[in-house]
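Chain and residue survey
Given next are the chains, with one letter for each unit.
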Amino acid sequence: MARSTGKDAQALFHSLRSAYAATPTTLKIIDLYVGFAVFTALIQVVYMAIVGSFPFNSFLSGVLSCVGTAVLAVCLRIQVNKDNKEFKDLPPERAFADFVLCNLVLHLVIMNFLG
Amino acid sequence: MAAAAKAGEATLRHAFGNVLSFFILLLIGVLAFSIRLFSVIKYESVIHEFDPYFNYRVTQFLTKNGIYDFWNWFDDRTWYPLGRVIGGTVYPGLTLTAGTIWWLLNSLNIPLSVETVCVFTAPIFSAFASWATYLLTKEVKGAGAGLTAAALLAMVPSYISRSVAGSYDNEAVAIFALIITFYLYIKTLNTGSLFYATLNAIAYFYMVCSWGGYTFIINLIPMHVLLCIVTGRYSSRLYIAYAPLVVLGTLLAALVPVVGFNAVMTSEHFASFLVFIILHVVALVYYIKGILSPKMFKVAVTLVVSVGLVVCCAVIAILVALVASSPTKGWSGRSLSLLDPTYASKYIPIIASVSEHQPPTWPSYFMDINVLAFLVPAGIIACFLPLSDASSFVVLYIVTSVYFSGVMVRLMLVFAPAACIMSGIALSQAFDVFTRSIKFQLLRILGFSEADAGDGSSANVVPENDAVKVDKSEETIKERPSRKNKKKEKEQMEKAQAEKTSAKSKTEKRLLVLPMELSVIGLLLLVFMGAFYVVHCVWAAAEAYSAPSIVLTSYTHEGLHVFDDFREAYAWLRHNTEVDDKVASWWDYGYQTTAMANRTVIVDNNTWNNTHIATVGTAMSSPEKAAWEIFNSLDVKYVLVVFGGLVGYPSDDINKFLWMVRIGGGVFPHIKEPDYLRDGQYRIDSQATPTMLNCLMYKLSYYRFVETDGKGFDRVRRTEIGKKYFKLTHFEEVFTTHHWMVRIYKLKPSKNRIRGKMKKSKSRTSTPSSKRSGSRKKNPWQ
Amino acid sequence: MAKLLLYLTLATSLIPLFSVAFSPENPTDRRVLVLVDDFAIKSSHSLYFGSLTSRGFQLEFKLADDPNIGLQRYGQYLYDALVLFCPSVERFGGSIDVASIVDFVDSGHDLIVAADSNASDLIREVATECGVDFDEDPAAMVIDHINYAVSNFDGDHTLIASDDFIKADVILGSKKIEAPVLFQGIGHSLNPANSLVLKVLSASSSAYSANPKSKLSNPPSLTGSAISLVSVVQARNNARILITGSLSMFSNRFFRSGVQKAGSSIKHEKSGNEQFLTEISKWVFHERGHLKAVNVRHHKVGESDEPAIYRINDDLEYSVEIYEWSGTSWEPYVSDDVQVQFYMMSPYVLKTLSTDQKGHYSAEFKVPDVYGVFQFKVEYQRLGYTSLSLSKQIPVRPYRHNEYERFLPAAYPYYGSAFSMMAGFFIFTIVHLYSK
């Protein structure tokens, strides 16, 4: 039972890897960006767990800026992904413009909430 | 050629339809604005009720001192001596909106006073709200339904009751913000555009600024997302609609000082975070499903399920422990009383005592939404054929708002837009069916060819949308095209018209077999129903909901009699007392006293400090000497009571007295409610208990009352009072208004000498004069 | 025109009169009305009256039932103090009655009441209004069989020599009264709950109040040191009242006679009456123990203006000037126990004011961390001094949104992450736009 699950897990892992390698580079860059944001968020949570949550608003704004960036990047990825049938007539420039606007609003709010 | 001509005709009809819609919308706006002006016409342009006076005072401060001082304002004229930090405890949306309008108008050199702007803010925003309803319903069903829903919302009495000209309260702006947020959410859901998601977050921010009811939005939208996921309607547009809203929305909500960290710590927001996590999990699952082969996917599923189940349980256990262990950051009292209607009456008497927090009676439903009450179920059914994301959202909205409106009569206001949307949909569908069948029957009678029948059926924009929807539902429900695709679809439609029209007309023939007479009569009946609705709304607006409770009128045989006692009392206070004098009264009148009389009050309608209110309640329920001590320790100089016994005004302090006893008894156990009741009955006549006849409220209300008619007959309680002749030892009456509705008393300073124990040989009053040179106030009992 | 001139001259001529009269700037009484039973008292108590006139008082003697007497005319009080040496009056003449006497006291004027063994109900009622109860038995006198004064004839021990003084220099003067005081009259009792009355001379524990001529049928109600022989009352508006049950205590005879307490061998040449009564009437007529507090100021440390609102955790300074009337001028009052409270339903800060010995008191403290509407409260009540009750209201606000620390070191990682997100976004857009 365990060995079969082990072998299944390995097979799963391989197929995931191969499927992922097939994605275009643009999407991979976005995925990297998302990963960076999530990683920064995790660092901050660990820091807060150690030090305590004293400037709670700074903590919130820091974490939410990372989470927000990640979410927005995922949205961009969804819209730019050519496999996505729903968005096939959405010009990628329009998607990117929306993405930039949303990020601007996000960072404006973050700056306000940070201090 | 013919196609081009037909296309030209179609665009012309489009243009005509659009212009017509524009004018209709304009008229709806004017209607919404003008139906709310009855109170200005009947009385005057004055601010109503209690809460709006506070908002008005805050707006005055804002316009005079600017936004930085407003943001940091510490109000020392209320909740004496604790003060109130206005910047952090008020929802700034309404005041900032009105302040901006005033500033804009003034910079354009239109010198409207702040009061005028405040009075007319609500009607203006109700016009905006009906336009927002049009937009929302157009997203759900189409322009016809949108127009109908907007017209219904402009007039619905429930909304009128909270947004007449003069009712300058949070809901005036909040309902507009609510509908606009929902519209932008649906728009994002339909189009999948991040631009609308950003706008949605900003609209949500405006809603958070305006009203505490924003928790409704932040719980309804996650519920809807969950519903979509569970019913298998997950799509990436859902992710784009929801995820940025949660992140941006939480950040923006935390920016508002009133909400602050509650945006992440209170239980009302946990649902959104939970659904956020669930949404990500589902998105991940779908993504993996997309890139793996089905066999591997099954393997992945079994693996994850076995491992993930354990992790899930652990996470849920942690979550539950977190929520349960935070006693203060759990559900707030008001939210709990919404979920459990009996909670407030058991634990928080202050919330239970507010009349707006009582459950509504059945007739009030009919009064407030009238005809819509039985159009709503029809609308719900119409939403199911076909079911789209937007229509499932509206169904969820109406179901939840029906529940909450049944708990608290104040929330009928949230139910009203949902009811209007549903009824708009139902009415427009019904009209649709009738007019189409009439047209079809007419064409059949007049014997046109089938090709033209197809032509005729594409004349209206609305039925075409329906037809498109019918077609699309035959294919796949999931692959719903965005708005931009509509145009392409229309062109495709007209290309393949020949094959499609025959199929369509067949389906039409199957659907619309209504005979002509029936449809004509049905149409006429619908029109009549609409007319009844309009008549009722106008009546409700004119008679029922236009009373500024600050001025009362009654019709006697001599004509209209006006009772302006409240303003008389506040003006007396303003002109006859020192600026720093403190006035104690029950909390209902706090806002009006600070705004109109400009005097410091002890408690006001914000009711944030239960102990302070209980202190005032205890003082009102105690005998004179104990009450004097309590008021003296709070530096009170004047006490104000409202008394309706002479004219029959039923909302006076004697009727509210039991709440004072209950609230006071909740904090000071020596005040016991049964002491004031005789055999469980609340009476003030000769059968009343001695505690009741000796308490301060009784004495201050009925002092010298027997002089009015010789018998002391109280017109509200309908009985003669118990103790008729008595003197006040620690208070003195300084003002009673014309109809005895407001009575103001002053605390007597403590005696200059303390008398010896020997009895007086002759009876003479030994009370010293109140204006003594050089006398100091000193509490002998401290 | 002529009338106007007349009124002007009348007004200007009256001004010096007003300045001489009793006023907050000049608290010592000047014009005193003395009501007597008969004018013989004027001569039999001439030493006492002489001591008053030598200090500058204008005494006006009238019979108690003179139909022309009145305390006020047209709303103005004609006198600054009233002395009632008429224990047997049944009804006052003119416009005086108990109510007008009470109003006289309540408007800030002083009163001396002397009763005697023939005290009428009227005098007893005046005393009760002031807070003192004479013995209800009209024939009772204070008898003391152990501390009586030795006299040439066998008395019924109603002449008492008492030296049980209150310990208050401000009332009785700084010089110790060596000889006991002779007293013969009725006693009174005080309500222990009454905080305004003080026993200045109390009877010894062996005294009792009873009719000296009849046998005692039941135990007397007033006994021991509960009996007060001389009491003073200081009302809340600082009017002072002296009540005693012996008119003869003021007489020349008692002033001049020697005294020897029974059971003690010391024989004093002169009784303490003159010193005692002179000192105490100085106190009653506000020549001693009268304080005024002026010039209350508060400001933030380093500034000199008085702000309209403070902020929490501010440093502020409070100062007040207290003067004492010496009979002729205002002298600085020196004491080390004046305290100021920063009060909001309960005192958050209680500080003793430090003085510079010239009447200026000040204290520095930090505003507590609580916001609200506070009061600077000075409540100063000392035995024999007028009560000072000052209060000044001042609100205290919390921090403004820009009064917090700008950059918190503990939050640098968060700042860093936020900025790194912005930088990452910027880089990402460049990469995304320019990558093929």
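Residues numbered from 1 in each chain as written. Chains lettered and ligands numbered in written order. Predicted model: local features only at pLDDT ≥ 70, side-chain atom pairs only at ≥ 80, totals over all residues. Heavy atoms only, no water.

1. A few points about the overall build of chain B
Within chain B, the regular secondary structure consists of 35 helices and eleven strands. The 782 residues of chain B split such that 52% are buried. In chain B, 73% of the contacts between residues at least 6 apart in sequence involve partners at least 24 apart. As displayed, chain B offers around 34,200 Å² of accessible surface, 66% of which is attributable to carbon and sulfur atoms. (Helix = DSSP H or I, 4+ residues; strand = E, 2+ residues; numbered from the N terminus. Buried < 20%, exposed > 50% of the residue type's maximum accessible area, 1.4 Å probe, protein only. Contact = heavy atoms within 4.5 Å. Areas by Shrake-Rupley, 256 points an atom, 1.4 Å probe, with all protein chains shown as cover.)

2. Concerning the interface of chain C and chain A
Contacts between the two partners involve 21 residues from chain C and, on the opposite side, 29 residues from chain A. The largest contributions to the chain C side of the interface with chain A come from Tyr414(C), Met421(C) and Phe425(C), which together make up 34% of the buried area. In this assembly, chain C and chain A are joined by zero salt bridges. Joining chain C to chain A, the criterion identifies two residue pairs in polar contact (both at pLDDT 80 or more). Here the residues of the side of chain C that touches chain A sort into 14 nonpolar, six polar and one charged. (Buried area = accessible area lost by both parts, 1.4 Å probe. Salt bridge = Lys/Arg side-chain N within 4 Å of Asp/Glu carboxyl O. Polar contact = N/O pair within 3.5 Å; in protein donor to acceptor, adjacent residues only side chain to side chain. Nonpolar A, V, L, I, M, F, W, Y, C, P; charged D, E, K, R; others polar.)

3. Points about the interface of chain C and chain B
By a frequent convention, interface size equals the accessible area lost on bringing the separate parts together. Across the boundary between the two partners, chain C contributes 44 residues, which contact 38 residues of chain B. Regarding the contact of chain C and chain B, the summed buried area is about 3,600 Å², with carbon and sulfur atoms giving 49% of it. When the buried area of chain C at its contact with chain B is split by residue, Asp106(C), Glu129(C) and Arg236(C) rank highest and sum to 21% of it. At the surface where chain C touches chain B, the tally comes to three salt bridges. Residue Arg400(C) pairs with Asp69(B) through a salt bridge whose shortest N-O separation is 3.3 Å. Inspection of the chain C/chain B interface yields 13 residue pairs in polar contact (both at pLDDT 80 or more).

4. Description of unusual backbone geometry
Leaving glycine aside, a negative phi is the common case for residues, and trans is the common case for peptide bonds. At the junction of Tyr80(B) and Pro81(B), the peptide bond is cis and its omega measures out at -5° in the coordinates. Cis geometry marks the peptide bond from Leu385(B) to Pro386(B), where omega comes out at 0°. By secondary structure assignment, the location of Pro386(B) is in the loop between α20 (372-384) and α21 (389-407). Of note in the backbone geometry, Asp679(B) takes a positive phi value of approximately 55° without being a glycine. In this model, Asn238(C) sits at a positive phi of 65°, which is unusual for a non-glycine residue. Along the chain, Asn238(C) turns up in the loop between β14 (228-234) and β15 (240-244).

5. Some points on the packing of aromatic side chains
Following the criterion strictly, the structure yields 65 aromatic pairs over all chains and no others. A centroid spacing of 5.8 Å and a plane angle of 35° characterise the contact between Phe56(A) and Phe59(A), whose relative ring orientation is tilted. Within this pair, Phe56(A) and its partner Phe59(A) are both found in helix α3 (residues 56-80), separated by three residues, close to a single helical turn. Neither residue differs from the other here; Phe56(A) and Phe59(A) are each classed as buried. Ring centres of Phe49(C) and Phe85(C) lie 5.7 Å apart, and the angle between their planes is 45°; on these two criteria the pair is classed as tilted. Taken together, the residues Phe49(C) in helix α3 (residues 46-54) and Phe85(C) in strand β5 (residues 81-85) connect sequence positions 36 residues apart. Across this residue pair, the class does not change: Phe49(C) and Phe85(C) are buried. The ring of Tyr159(B) has Arg36(B) lying over it, and the distance from NZ or CZ to the ring centre is 4.9 Å. Against the face of Tyr80(B) rests Lys582(B), its NZ or CZ located 4.6 Å from the ring centre. (Phe/Tyr/Trp six-rings, centres within 6.5 Å; stacked < 30°, edge-to-face > 60°. Lys NZ or Arg CZ within 6 Å of the ring centre and 35° of its normal.)

6. Notes on the environment of Phe92(C)
Residues and elements named next belong to chain C. Along the chain, Phe92 turns up in the loop between β5 and α4 (98-106). Spatially, the C-alpha atoms of Phe92 and Pro368 are 58 Å apart, while their sequence positions differ by 276 residues. If near-sequence neighbours (up to four positions away) are discounted, Phe92 is found in contact with Leu35, Ala64, Asp65, Leu84, Cys86, Asp97, Ile101, Leu122 and Ile123.

7. Description of helix α5 (residues 93-107) of chain B
All names here are of chain B. The end-to-end C-alpha distance of α5, which contains 15 residues, comes to 21 Å, matching closely the 21 Å that a straight helix rising 1.5 Å per residue would cover. When α5 is considered as a whole, its buried residues turn out to be Gly93, Leu94, Thr95, Thr97, Ala98, Gly99, Trp102 and Leu105. In the core, the buried residues of α5 are packed alongside α3 (51-71), α6 (114-140), α9 (170-191) and α10 (194-210). Note on α5: the residue one or two positions beyond its end, Asn109, has a positive phi of about 65°. (Expected span 1.5 Å × (residues − 1).)

8. A word on the domain arrangement of chain C
Each assigned domain of chain C is listed here: domain 1 (22-284), domain 2 (290-401) and domain 3 (405-434). The straight-line distance from the C-alpha centre of domain 2 of chain C to that of domain 3 of chain C is 52 Å. (Domains from an automatic or database assignment.)

9. A short note on the pattern of salt bridges
Close approach of charged atoms allows side chains with opposite charge to pair. For the structure shown, the criterion picks out 40 salt bridges over all chains. Here Arg13(B) and Glu9(B) are joined by a salt bridge, their closest N and O atoms 3.0 Å apart. In this pair, Arg13(B) and Glu9(B) are both assigned in helix α1 (residues 2-35), four residues apart and thus about one turn of the helix distant. One continuous salt-bridge network, built from bridges that share partners, spans Lys300(C), Arg311(C), Asp314(C), Arg397(C) and Glu403(C).

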